[in-house]
Structures are given as structure tokens and as C-alpha cells.
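These are the residues of each chain, in order.
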Amino acid sequence: MPASTRFPVRRRALAAAGTAAALALAACGSSSNSSMPGMDHDTHSSASHSTSPSSSMSDMPGMDHGSAAETRLADHQDGYRLTSAAATLASRKPTAYRFTITGPDGKPVTGFALDQTKRMHFYAIRSDLTGFQHLHPSMAADGAWTADLSALAPGAWRMFASFTPDSGSGKGKDFVLSRTVTVPGTAAITPLPAPVTTAQADGYTITVKGKPMAGMAHPLTISLSKDGKPVTDLQPYLDTYAHLTAFHEGDQAFAHVHPTTEATGDNGGPDLAFHAELPTAGNWRLFLQFQTGGKLHTAAVTLRVG
């Protein structure tokens, strides 16, 4: 089955849950900065300098951490590695970042399968879970990827590369590898918003439905309305009507919350169904992306996972 149509089933460790959810929505255009501070996304991308989760993180109260492969906090897995020469990136201005994926033979990988219409999904997230960017970088013939990031605020950032090789020992397997970079300057930390179940922004009301249980795969539904009426004009975005990505408070662990239906026309909504795959307990910040009237919107969601 092609990677671009495998919405509900991907080969990652399942666990997930929560008893409360919060939403704070901000809209952003596909080529401009969002009204949510530090949030951007377009069709380009970037990467960074390697780290693994610190051993102290596993000792934090309420933190039931999975392996580095489950939390996506390693730069290597099964012989595949995310490499980059840079450990820092420029502050408060657009910057190009280059990275490579090498295979078990140590050579750059150049063959990637399509996953939701793209061969590479790239995410940048600041340590306080602000500044989210979801990008799609370009690859040169030699396997070098170029990521064009929008301006980054000072602080520690983690970069994630999500891909599926279409040959070799990793053929058909979904990988998410990550590295960190430092952006120089004084870093002001933004507290994570408290959980609520609905929020209003940009004229939309977002409602989280479902009560996933920790350690269990569970469906999650997000409903959209506007002016008291259900939203039914969602346009296709990456082969579906919404894209949902999650990051864990404290260590920035990554989880892709998979959509379960494929878009068929400009009439999606109001309910968006997802397959939750959150590997650890604690607070997660989810970023919901959906498109209406040719404009891409991003909603930030805080989900408490028990």
C-alpha cells in the first residue's frame, strides 16, 4: 500500500491518551507568518545538531518515557541517521539549513516514498513548544536536503525529519529522526496554556471529543464550527482535511496523530477523525493544520495524557 494512503496504520509504537484537552487557535497563510507568535509553515524545510534525551528527563514526575525510537528524540535508528554540520542557527531572520539522511551503508539516501503527498516532512519546535514550523524541504541529486526556515526566536530548538525509504533495509518503514540546534540570544520562555476543551479564534470554534486512555490506541475527534454552524468547506491538505502533530512538554518528544480519512473534495468537516499515538504521559502540545478558502490555518492544542 502506498505510503501516501496509509493514514490509520503506520509502524510505530502505540500508546496514548488524556482526560482533558486545550485549544488555542491561530490562522496562518501558507507563505506568511501566523498570528500565533513564532508559528510558520510553508513548503520548504530544515534540520540540526544531534542530541538524545537526557537521562534526567526519565526521572521527572509523571513522565513515562518510551524508547528514543518511540519518542523520536534520537538522530539515528536501524542504521539510518540524520546528519548536519550546524549546531547553531541565526536568530530572528530566515535561514537555510542543510541536512542529509544516511543509510546503513553510510551513504546518503536519495530514494524516499511519498507520505501524504511529500517525500519529507520537516518540523521545527522550540523547547517551550512555541515557534512551530511544518515544512517540506527540497533535495539535491546527491541526497542533501535544504531547509528554508522562517525567523527563529532565541533558544533551544529541535528539528525532526519524517520520511519513509523506498528501498534498502528500511523500505516501507516510517522514520522520525531529530537533532537540536541553538539560536543565540535571550530566550523568553512561554508557559504552556492550561487545558480546555474548546477555543475560539479566527472565527472558528474548535472542540476536542474523545477520552483516550493511557497505554491504549484510541480515536480522537476534533470538530470545527463557525458562527454557530458546522464547518463543511475544508479543503484538501496533504491528502486529508487536517494534519495533526504532537510534541511532549519538557523534552519535545514527537508523535504524529494520524488522520483516518482521505480528502475527496472541497467539502470536508465538521468532524476530523484521528488515530492517537502518543507514547508518553504528561502534557502534549498538538498542532492542527487545516485549509479553507485557500488559506492554511494552524490551531495549537494542549492535551493531558495520563
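Just so we're clear, the structure is a prediction, and the values are computed from it rather than from any experiment.

**Focus on unusual backbone geometry**
Here's step 1: In this structure, Pro 270 follows Gly 269 across a cis peptide bond, with omega equal to 0 degrees.
Here's step 2: One non-glycine residue, Asp 78, adopts positive backbone phi at about 50 degrees.
Here's step 3: Relative accessible area serves as the criterion here: at 48%, Asp 78 is assigned to the partly exposed category.
Here's step 4: In this model, Leu 238 sits at a positive phi of 55 degrees, which is unusual for a non-glycine residue.
Here's step 5: Within the secondary structure, Leu 238 is located in the loop between strand 15 (229–230) and strand 16 (243–248).
Here's step 6: Residue classification places Leu 238 among the buried residues on the basis of a relative accessible area of 8%.

**Let's talk about the environment of Thr 221**
Here's step 1: When you line up the elements, Thr 221 lands in strand 14 (residues 218–226).
Here's step 2: In this structure Thr 221 comes out as partly exposed when scored by relative accessible area, which is 24%.
Here's step 3: A sequence separation of 52 residues divides Thr 221 from Ala 273, and the C-alpha atoms of the two residues are 4.6 Å apart.
Here's step 4: Discounting residues that sit within four places of it in the chain, Thr 221 has contacts with Thr 207, Val 208, Lys 209, Asp 271 and Leu 272.

**With respect to the confidence of the model for the chain**
Here's step 1: Averaged over every residue, the pLDDT of the chain is 80; the share at 70 or more is 75%.
Here's step 2: Ignoring residues within four places in sequence, the model shows residues 1–65, a span with pLDDT below 50, making 243 contacts including any to other chains.

**Quick word on the nonpolar core**
Here's step 1: Leu 224, Leu 286 and Leu 288 are the most contacted members of the largest nonpolar core, which totals 29 residues.
Here's step 2: Of all the elements in the fold, those that place two or more residues in this core are strand 13 (204–209), strand 14, strand 16, strand 17 (254–259), strand 18 (271–276), strand 19 (282–292) and strand 20 (295–305).
Here's step 3: Beyond its immediate chain neighbours, meaning those up to four positions away, Leu 288 contacts Ile 222, Ala 242, His 243, Leu 244, Leu 272, Phe 274, His 297, Thr 298 and Ala 299.
Here's step 4: Membership of the second largest hydrophobic core comes to 24 residues, among which are Leu 89, Phe 99, Phe 122 and Phe 163.

**Focus on the packing of aromatic side chains**
Here's step 1: This model, assessed by the stated rule, comprises 16 aromatic pairs.
Here's step 2: Note on Tyr 80 and Phe 175: the rings are 4.8 Å apart at their centroids and 45 degrees apart in plane angle, and the pair reads as tilted. With Tyr 80 in strand 4 (residues 80–83) and Phe 175 in strand 11 (residues 175–183), this residue pair connects regions lying 95 residues apart in the sequence. A single burial state applies to Tyr 80 and to Phe 175, both of which are buried.
Here's step 3: Where Phe 160 meets Phe 247, the ring centres are 5.5 Å apart and the plane angle is 55 degrees; that geometry is what we call tilted. Taken together, the residues Phe 160 in strand 10 (residues 155–163) and Phe 247 in strand 16 connect sequence positions 87 residues apart.
Here's step 4: Owing to a relative accessible area of 0%, Phe 160 belongs among the buried residues under this scheme.
Here's step 5: An aromatic cluster of at least three residues, connected via ring pairs, comprises Tyr 80, Phe 99, Phe 112, Phe 122, Trp 145, Phe 163 and Phe 175.
Here's step 6: Geometry around Tyr 204 places Lys 226 over its ring, the cationic atom sitting 4.8 Å from the centre.

**Concerning the side chain of Thr 95**
Here's step 1: Examined against the element boundaries, Thr 95 turns out to sit in strand 5 (residues 95–102).
Here's step 2: We classify Thr 95 as buried; its relative accessible area is 14%.
Here's step 3: If sequence neighbours within four positions are ignored, Thr 95 has contacts with Leu 89, Ala 90, Ala 147, Asp 148 and Leu 149.

**Let's talk about the side chain of Thr 280**
Here's step 1: Mapped onto the secondary structure, Thr 280 falls in the loop between strand 18 and strand 19.
Here's step 2: Residue classification places Thr 280 among the buried residues on the basis of a relative accessible area of 3%.
Here's step 3: Within polar-contact distance, the side chain of Thr 280 engages the side chain of His 248 at 3.4 Å.

**Considering the pattern of salt bridges**
Here's step 1: One pass over the full model with this rule turns up five salt bridges.
Here's step 2: One salt bridge in this structure joins Arg 81 and Asp 75, with 3.4 Å as the shortest N-O distance.
Here's step 3: Taking relative accessible area as the criterion, Asp 75 reaches 6% and is therefore assigned buried.
Here's step 4: A salt bridge links Arg 179 to Asp 75, with the shortest nitrogen-to-oxygen separation between them at 3.1 Å. Separated by 104 residues along the polypeptide, Arg 179 in strand 11 and Asp 75 in the loop between helix 1 (68–71) and strand 3 (76–77) bring together distant segments of the chain.
Here's step 5: A relative accessible area of 8% places Arg 179 in the buried class.

Rules of the game
- Residues numbered from 1 in each chain as written.
- Predicted model: local features only at pLDDT ≥ 70, side-chain atom pairs only at ≥ 80, totals over all residues.
- Heavy atoms only, no water.
- Buried < 20%, exposed > 50% of the residue type's maximum accessible area, 1.4 Å probe, protein only.
- Helix = DSSP H or I, 4+ residues; strand = E, 2+ residues; numbered from the N terminus.
- Contact = heavy atoms within 4.5 Å.
- pLDDT = per-residue confidence, 0-100.
- Core = buried A, V, L, I, M, F, W, Y, C linked by side-chain atoms within 4.5 Å.
- Phe/Tyr/Trp six-rings, centres within 6.5 Å; stacked < 30°, edge-to-face > 60°.
- Lys NZ or Arg CZ within 6 Å of the ring centre and 35° of its normal.
- Polar contact = N/O pair within 3.5 Å; in protein donor to acceptor, adjacent residues only side chain to side chain.
- Salt bridge = Lys/Arg side-chain N within 4 Å of Asp/Glu carboxyl O.

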